[in-house]
Amino acid sequence: MSKDNKQFPVEKSEKEWKEELSEEQYLVLRKGKTDPPYKNKYYHFDKSGVFKCAACGNKLFDSKDKYDSGSGWPSFTRVIEEGAVEYRDDYKLSHKRTEVICSKCGSHLGHLFHDGPEPTNNRYCINSTSLDFKERK
């Protein structure tokens, strides 16, 4: 169960998550930590395909919606389909942010900002550690 007691389709104990994920994945996906900027797997990455949740395989983003925001993290203008992610208010810093979580397992993915390019004006700023990639054939 998530920290706000919401149940997700994929539910595992903390012990199970720790056994299935690498230490880095566990810290980012389950504990909300952040990848270092600019030095992460998918920041400078331009293959065509689909980005999935590294914890449960849920399809999250299409590479056609990825862009270089200059932020140091992979950025996307939209999710692959409505309902792929959920949103939470995040007050961990001195201001309110919008946390993006996987709708299937509740894992932390990153944050949503409204300073992206047209037509959505969205910047889904996502941790590389939260993602797996499936290349399009």
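The following refers to the structure shown. (Residues numbered from 1 in each chain as written. Predicted model: local features only at pLDDT ≥ 70, side-chain atom pairs only at ≥ 80, totals over all residues. Heavy atoms only, no water.)

### What about helix 2 (residues 23-30)?
Step number 1: For helix 2, every residue scored as buried is listed here: Q25, Y26, V28, L29 and R30.
Step number 2: Taken together, the buried residues of helix 2 touch helix 1 (14-20) and strand 7 (108-113).
Step number 3: One or two residues past the end of helix 2 sits G32, with phi positive at roughly 75°. (Buried < 20%, exposed > 50% of the residue type's maximum accessible area, 1.4 Å probe, protein only. Helix = DSSP H or I, 4+ residues; strand = E, 2+ residues; numbered from the N terminus. Contact = heavy atoms within 4.5 Å.)

### Describing the environment of V10
Step number 1: By the secondary structure assignment, V10 is in the segment before helix 1.
Step number 2: Linking V10 and R78, residues 68 residues apart in sequence, is a C-alpha distance of 23 Å.
Step number 3: Apart from residues lying up to four places away in sequence, V10 is in contact with W17, C56, K104 and C105.

### What about the pairing of strand 5 (residues 85-90)?
Step number 1: Relative to strand 6 (residues 97-102), strand 5 runs antiparallel, the two sharing six bridges. The residue bridging V85 from the neighbouring strand is C102, located in strand 6.
Step number 2: Following strand 5, the chain reverses through six residues before pairing antiparallel with strand 6. (Pairing = 2+ DSSP bridges.)

### Let's talk about the nonpolar core
Step number 1: Residues F51, F61, V85, L109, Y124 and L131 are the most contacted members of the largest nonpolar core, which totals 25 residues.
Step number 2: For this core, the secondary-structure elements that each account for two or more residues are helix 2, strand 1 (49-53), strand 2 (59-62), strand 6, strand 7, strand 8 (123-126) and strand 9 (131-135).
Step number 3: Residues in contact with V85, not counting those within four places in the same chain, are L60, V79, V100, I101, S103, L109 and Y124. (Core = buried A, V, L, I, M, F, W, Y, C linked by side-chain atoms within 4.5 Å.)

### What to know about the state of the cysteines
Step number 1: Enumeration according to the criterion identifies zero disulfides in this entry.
Step number 2: Considering cysteine sulfurs only, C56 is the nearest to C105, which forms no disulfide, with 3.7 Å between them.
Step number 3: You can call C105 buried: its relative accessible area is 3%. (Disulfide = S-S within 2.5 Å.)

### Side note on the packing of aromatic side chains
Step number 1: As enumerated under the stated definition, the model contains 11 aromatic pairs in all.
Step number 2: Taking the centre distance of 5.3 Å and the plane angle of 85° together, the rings of Y42 and F51 count as edge-to-face.
Step number 3: The class for Y42 is buried, based on a relative accessible area of 3%.
Step number 4: The exposure class of F51 is buried, given its relative accessible area of 0%.
Step number 5: A ring pair is formed by F45 and F51, whose centres lie 6.1 Å apart and whose planes are at 70°; its orientation type is edge-to-face.
Step number 6: Connected via pairs of aromatic rings, a cluster forms that spans Y42, F45, F51, F61, F76, Y87, Y124 and F133.
Step number 7: Positioned above the aromatic ring of W17, the side-chain terminus of K12 is 5.0 Å from the ring centre. (Phe/Tyr/Trp six-rings, centres within 6.5 Å; stacked < 30°, edge-to-face > 60°. Lys NZ or Arg CZ within 6 Å of the ring centre and 35° of its normal.)

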